[in-house]
Amino acid sequence: MVIEMNVYQQFMMAITSVVLLILFVGVTCADLPISATPGQAGISTTTSIDALGVVTTSSEMTLQLGSHTLNDPPLENGGYLSEWWPGEDAPLIPGYTVDPWVGHIQGIPLPLGEVQYSAGYHEEVTAVSGSISYQKTMSISTSNKTSGEDNIATDRIVTFIGGDGGRMTTSEDILIDGEGAQTVSANQVCCPFAGTANPFFPPFCNIVRSGSAADISTGSISTASGVRFISASADVPVAETYLINVKGVTGPDGYADASGTVNAFMNAHLQEGREKEVPRWYDYDPIGFNPVKAEALSYSETSAASGLIHIFTKDMQYQSGTRLV
Amino acid sequence: MQTSVGDYPHRSRVRIIVILVLLVLLLLWTVPVTAADIEIAVDGDISNWAFTPGTTNIDSTNITLNVSSISSTWTVSVKDGMDFNKTPGTVGRMAESDAVGAYTGTKVLGTAMTVAGPTEPTKTIGSSVVLSGSNQVIESGLTPVTGLPLPLTISQPVSISDQVLGGGHRYQVIVTFIAFAEGGPEPVVSGIVPAEGITGTTVTVTNLSGSNFLPHSTAVLNRTGFSDINLTVTGVTTPTSMTGTFNLVGAGVGLWDVTVTNPDGRTGTKPQLFWIKYPSAPTISFFTPLSGARGATKNIGVGGAGFQNGVAVKFTKGASVINAAVSQVTSGTIEATITIPSDGPTGLWVLTVTNNDGQSASRSNAFTVT
């Protein structure tokens, strides 16, 4: 009893509200969404369970979308590959250009850079010896989305009141993994005021995973997750969101704090590039660029609570794009 | 060949130096190139040199050459009989002997002896010539002549203070007259400086070198399909050199022959000796695409500067060559098409751009055949 009181006091003080917001945007940092394939699909499920005894449920999904051929590395850069000699004895410098004259020579449409995204979602719930209420909606859509919409979206509320020896374990995580080669910036942004200073968007390679896990004997857990990476315009930022809220339940004996262990995390490894202009001998030579890696960010955050948990809230958002909302 | 000699006694111990001019005609004979073609005869002596103290003495004398030639072209030249290897324009040279006539050596005066040509405007070659060890033409003709008098003026400035003069000695000068008639050698062109010029400009030729040039020789740049470009002679033509200017305004670029024509109509040509160029060579600063497959036809684009209409583009790898069909040219861009041989070697090829004046630029590893 003494020990329980200490734990209770500890988490009443420490875990009241944790909100995490990660925003990535800037000259060198920008995930570019990928446009939908001509054929689009959608999956939507709603689950409602109110039971005593044993309940198990699980969800697993992976969505991959590529602008070119999936899983065929290396990714192809956008622009017309050409070569420059910036002086009499200068060495050859290959690079990429969007110069219309070069397009006229090569006789092909301006090649766009290759972008590929993988998104994953996983969820498991196992409850024994208790009363469980489980409500979940999940929607998957491969169509273009705008800000405020997600390609994968989940909402769930799980309330568990364990009996003698009753436990519920649950884990959930959502992942977005985007890689993009250098691609042309023209005609990719709808906003007429969002001028692009460079004819190319630099390459990127970003992966973000967030989620939670809980092992409770009593408590109510609500989570919401979503990822967005399919859009017709680069105006719409790529996003991942994950929200968890844990609190107690109100029973016949009144309100009781949640009891057990809860943790939530976000891990990110972000790598962004810049466009380096190719030196030219003559001003009228086509302008060329080469992508170079310019930024690397590793991020990991985990919050955990164990014991009597009065409230546990963690809100994690990841946005990356040419324009944030 | 005919030689006249003048000699000078000099006494340093008296205040008034008296130069006793003793003209001795050592040798008087006629040497025609072909016996019946030409002969010359000297009428008169080199004489009347005398020193006046305290000044530079320029004594002159007149002699007359009588030239007879049955050939249509002929020339009469003079040279310093004392030193056939003397550099043109160098100082005069005298043979020195003592009072009894014993030869004691040669003396070089401070000023060279000159020979002025005849006065007839149609025959004279112009100003006087300075005697040298080489033949210097004083007269030439394009028609046969009989007994043509050629009065010549020979002058030799001698200073009383000339350190080479010794008392009690006599000094001689020797002038050799040489006649050539038709049958002389044709001109030979061996070189030209500069060997190139920029189209649209005037180039000054400082030395069109060769041999057997004559005073009335002409020179041209010539090339099939183009009008000749005449050399405007600006200096004295020697047997081995001509100078002048070429007006290259409107001249076609490329390699031109250089032809010298002597008054007798004989010509000498050295092919492709003079290069008329554009002001600058082409340069390559950009190329696209980087590669092409064997058997494929590819459009290519070259960026740079100095490209001219008629420019040629090719790719080489070892002995293999791919010539491009040029379709569009600006000063800074070339558009062309290539067909890569299906059996051509794979790997990196060299890009070469050559203007029609022959100036070119190359870039290695510019194109990859896959």
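Conventions we followed
Residues numbered from 1 in each chain as written. Chains lettered and ligands numbered in written order. Predicted model: local features only at pLDDT ≥ 70, side-chain atom pairs only at ≥ 80, totals over all residues. Helix = DSSP H or I, 4+ residues; strand = E, 2+ residues; numbered from the N terminus. Contact = placed C-beta atoms within 7 Å. Nonpolar A, V, L, I, M, F, W, Y, C, P; charged D, E, K, R; others polar. Pairing = 2+ DSSP bridges. Core = buried A, V, L, I, M, F, W, Y, C linked by C-beta atoms within 7 Å. Buried ≥ 20, exposed ≤ 12 C-beta atoms within 10 Å, placed from the backbone. Axes fitted to C-alpha atoms, helices over the stretch in contact; angles between N-to-C directions. pLDDT = per-residue confidence, 0-100.

What to know about the overall build of chain B
Along chain B, the regular secondary structure elements total zero helices and 29 strands. For chain B, the proportion of contacts with a sequence separation of at least 24, taken over those separated by at least 6, is 66%.

A look at the interface of chain A and chain B
Across the boundary between the two partners, chain A contributes 20 residues, which contact 18 residues of chain B. Secondary structure elements with two or more residues in the side of chain A that touches chain B: β3 (80–84) and α2 (100–106) of chain A. For the side of chain A that touches chain B, a count of residues per class yields 13 nonpolar, three polar and four charged. In this structure, β3(A) lies alongside strand β21 (residues 283–288) of chain B, joined through two bridges in antiparallel fashion. Across the sheet, residue Trp84(A) finds its bridge partner in β21(B), namely Phe286(B).

Observations concerning unusual backbone geometry
In this chain, Pro73(A) is followed by Pro74(A) through a cis amide linkage whose omega measures -5°. Examined against the element boundaries, Pro74(A) turns out to sit in the loop between β2 (42–66) and β3. Residue Pro194(B) is reached from Val193(B) by a cis peptide bond, and omega for that bond is -5°. Inspection of the secondary structure assignment puts Pro194(B) in the loop between β13 (188–193) and β14 (196–198). Even without a glycine there, the phi angle at Gln272(B) is positive, about 50°. With respect to the helices, strands and loops of the structure, Gln272(B) is situated in strand β20 (residues 267–277).

Topic: the nonpolar core
Counting residues in hydrophobic clusters, the biggest one holds 84 residues, and the most contacted among them are Phe229(A), Val246(A), Val302(B) and Val353(B). Once you skip the residues sitting within four places of it in the chain, Val353(B) turns out to touch Pro282(B), Ile284(B), Val302(B), Phe307(B), Val311(B), Val313(B), Ile334(B), Ser360(B) and Ala361(B). With 30 residues, the next largest nonpolar core counts Val78(B), Leu231(B), Leu248(B) and Val260(B) among its residues.

Overview of the sheet that holds strand β17 (residues 229–233) of chain B
Residues and elements named next belong to chain B. Overall, mixed pairing links the eight strands, which are arranged β13-β15-β18-β17-β16-β19-β20-β14 in an open sheet. Pairing within the sheet leaves two strands with one partner each, and these edge strands are β13 and β14. Neighbouring strand axes in the sheet, compared pairwise and without regard to direction, differ in orientation by 35° on average. In this sheet, strand β19 (residues 254–261) lies alongside strand β16 (residues 218–222) in antiparallel orientation, the contact comprising five bridges. Directly across from Val-220, in β19, lies its bridge partner Thr-259.

Structural notes on the confidence of the model for chain B
Any residue range with low pLDDT should be treated as having predicted coordinates unsuitable for detailed reading. Residue and element names in this part refer to chain B. Here chain B averages 77 in pLDDT, while 62% of its residues score no lower than 70. Note on residues 1–36: pLDDT under 50 across the span, and 100 contacts to partners over four residues away in sequence or across chains. The model gives residues 120–124 a pLDDT under 50, and that stretch makes six contacts with residues more than four places away or in other chains. For this predicted complex, the interface score ipTM comes out at 0.78, alongside a pTM of 0.67.

Topic: the environment of Gly53(A)
All names here are of chain A. With respect to the helices and strands, Gly-53 occurs in strand β2. Accessibility expressed as a C-beta count within 10 Å gives 12 for Gly-53, which makes it exposed. Once the C-alpha coordinates of Gly-53 and Gly-130 are considered, the two residues, 77 residues apart in sequence, prove to be 5.5 Å apart.

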